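Close look at the chain arrangement
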Amino acid sequence: ASFGLLLLKHLELKPDLTILDIGSGTGFPLLELASRLGNSCALYGIDIWENGNSRTREKIKNYNLKNVKVLDCSAEKIPFKDNSVDLIVSNLGINNFENRENVFSECYRVLKPEGKLSITTNLNGHWKEFYEIFEKTLSEFGKTEIIENLKIHQEHRGSVKSISKLFVKSGFKINKCYRESFKMRFLDGSSFLNHHSVKLGWLSSWKDLIPKKDLREFFSKLEINLNKNSQKSSGLNLTVPMIFIEGEKI
């Protein structure tokens with residue numbers, strides 16, 4: 001939600017736009033944007049997540065929105081003609097594609113000349129406090145050889161420089177770039193590791209770093225260390241750096 005609010009904060013709202021939301025999920029900020037823009041604009045959400053699309057369609061009915069549709073497809077092959085879209089937005093969406101270059105190329109293709117691609121994404125440094133404890137636990141566990149893989153895992157999120165470079169390489173001129181951060185707060189490490197979004201989107205990638213025979217013991221130790229930190233710091237407080245960046249097709 002914080003990323004979506006950052007997107008809404010910096011988008012320029014105009015009438016008579018055709019807009020795509022890549023990775024629209026369960027409908028935020030797509031439906032909020034549709035409500036704020038009104039019926040002169042046509043909005044389309046693109047996602048391959050069937051359950052998310054179903055929820056979005058129910059919300060569209062409940063909100064009685066007439067200017068928005070959801071498409072079951074991937075942004076790696078957008079079903080729109082060349083030069084047919086005014087604005088593409090993506091709230092924590094494009095960063096989830098393995099082949100980002102292909103997605104950017106598709107965005108460039110369907111955008112009109114001077115059309116905009118506006119995204120929010122997280123940056124390297126996401127949950128840095130957690131990863132510091134993860135690294136400490138690896139050292140205590142005698143698995144220092146895994147630390148380099150942990151750093152590579154963190155760095156895949158990219159930096160302002162690397163994300164900007166991807167825009168420029170894909171043919172866009174950067175015209176807006178805003179960086180902010182916020183804190184995600186949890187009661188303790190146990191609640192963090194059992195949070196539904198952590199289990200859905202993160203836990204498996206952390207487990208892939210650890211030998212299977214050591215998983216139970218390592219994550220037990222990690223949870224203990226996270227809880228110790230939480231007791232000292234009145235909860236587990238994790239930093240989330242984020243960026244809004246907008247490119248114009250040239």
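Preceding this paragraph is the structure being described.
My aim in this report is to walk through the structure given alongside it, one point at a time. On a predicted model such as this, the values are computed, not experimentally measured, just so you know.

**Brief notes about the overall build of the protein chain**
Each helix and strand counted, the protein chain has 11 helices and 7 strands in total. For the C-alpha atoms alone, the extent of the protein chain along its principal axes is close to 60 × 40 × 30 Å. Out of the 250 residues belonging to the protein chain, those deemed buried represent 48%. Taking the contacts inside the protein chain whose residues are at least 6 apart along the sequence as the reference set, 81% of them involve residues at least 24 apart. Summing over all exposed atoms, the protein chain offers an accessible surface of approximately 13,100 Å²; the carbon and sulfur share of this is 49%. Once the 37 positive and 30 negative side-chain charges of the protein chain are each reduced to a mean point, those two points are 2 Å apart.

**Focus: the nonpolar core**
Counting residues in hydrophobic clusters, the biggest one holds 47 residues, and the most contacted among them are Leu-43, Trp-127, Phe-130, Phe-134, Phe-192 and Trp-206. Among residues more than four places away in sequence, those in contact with Trp-206 are Trp-127, Phe-130, Tyr-131, Phe-134, His-153, Phe-192, Leu-193, Val-198 and Phe-219.

**Description of the packing of helix α5 (residues 128-140) against helix α6 (residues 147-155)**
Between two packed helices, both the angle of their axes relative to each other and the distance between the axes serve to describe the pair. Relative to each other, α5 and α6 sit at 165°, their axes nearing to 10 Å. One finds that α5 runs roughly antiparallel with respect to α6. Relative to α6, the crossing made by α5 is right-handed. Contacts between α5 and α6 involve Tyr-131, Phe-134, Glu-135, Leu-138 and Ser-139 from the first element and Ile-147, Leu-150, Lys-151, His-153 and Gln-154 from the second.

**Observations regarding the pattern of salt bridges**
One pass over the structure, following the stated rule, counts 13 salt bridges. When the shortest N-O distance is used, the salt bridge between Lys-14 and Glu-12 registers 3.8 Å. Of the residues examined, Glu-12 reaches a relative accessible area of 47% and is grouped as partly exposed. A salt bridge links Lys-183 to Glu-129; the nearest nitrogen and oxygen atoms lie 3.0 Å apart. Placement of Lys-183 in strand β6 (residues 172-186) and of Glu-129 in helix α5 is noted, with a sequence separation of 54 residues between them.

**Notes on the side chain of Glu-246**
Looking at the element boundaries, Glu-246 is found in strand β7 (residues 236-249). Although Glu-246 is buried, it makes no salt bridge; Lys-176 carries the closest opposite charge, 4.2 Å away. Separated by 2.6 Å, the side chains of Glu-246 and Ser-118 make a polar contact. Non-local contacts of Glu-246, meaning those with residues more than four positions away in its chain, are made with Leu-11, Lys-116, Leu-117, Ser-118, Phe-167, Lys-173, Ile-174, Asn-175 and Lys-176.

**Points about α6**
All of the buried residues in α6 are Ile-147, Leu-150, His-153 and Gln-154. Within α6, the buried residues cover an arc of 110° as seen down the axis, which keeps them to one side. Of the surrounding secondary structure, the elements contacted by the buried residues of α6 are α5 and α10 (203-207).

Thresholds applied
Residues numbered from 1 in each chain as written. Predicted model: local features only at pLDDT ≥ 70, side-chain atom pairs only at ≥ 80, totals over all residues. Heavy atoms only, no water. Helix = DSSP H or I, 4+ residues; strand = E, 2+ residues; numbered from the N terminus. Buried < 20%, exposed > 50% of the residue type's maximum accessible area, 1.4 Å probe, protein only. Contact = heavy atoms within 4.5 Å. Areas by Shrake-Rupley, 256 points an atom, 1.4 Å probe, with all protein chains shown as cover. Lys, Arg positive; Asp, Glu negative; His and termini not counted. Charge placed at Lys NZ, Arg CZ, Asp CG, Glu CD. Core = buried A, V, L, I, M, F, W, Y, C linked by side-chain atoms within 4.5 Å. Axes fitted to C-alpha atoms, helices over the stretch in contact; angles between N-to-C directions. Parallel < 35°, antiparallel > 145°, perpendicular 65-115°, else oblique. Left-handed = near helix turned anticlockwise from the far one by under 90°. Salt bridge = Lys/Arg side-chain N within 4 Å of Asp/Glu carboxyl O. Polar contact = N/O pair within 3.5 Å; in protein donor to acceptor, adjacent residues only side chain to side chain. Arc of directions from axis to C-beta.

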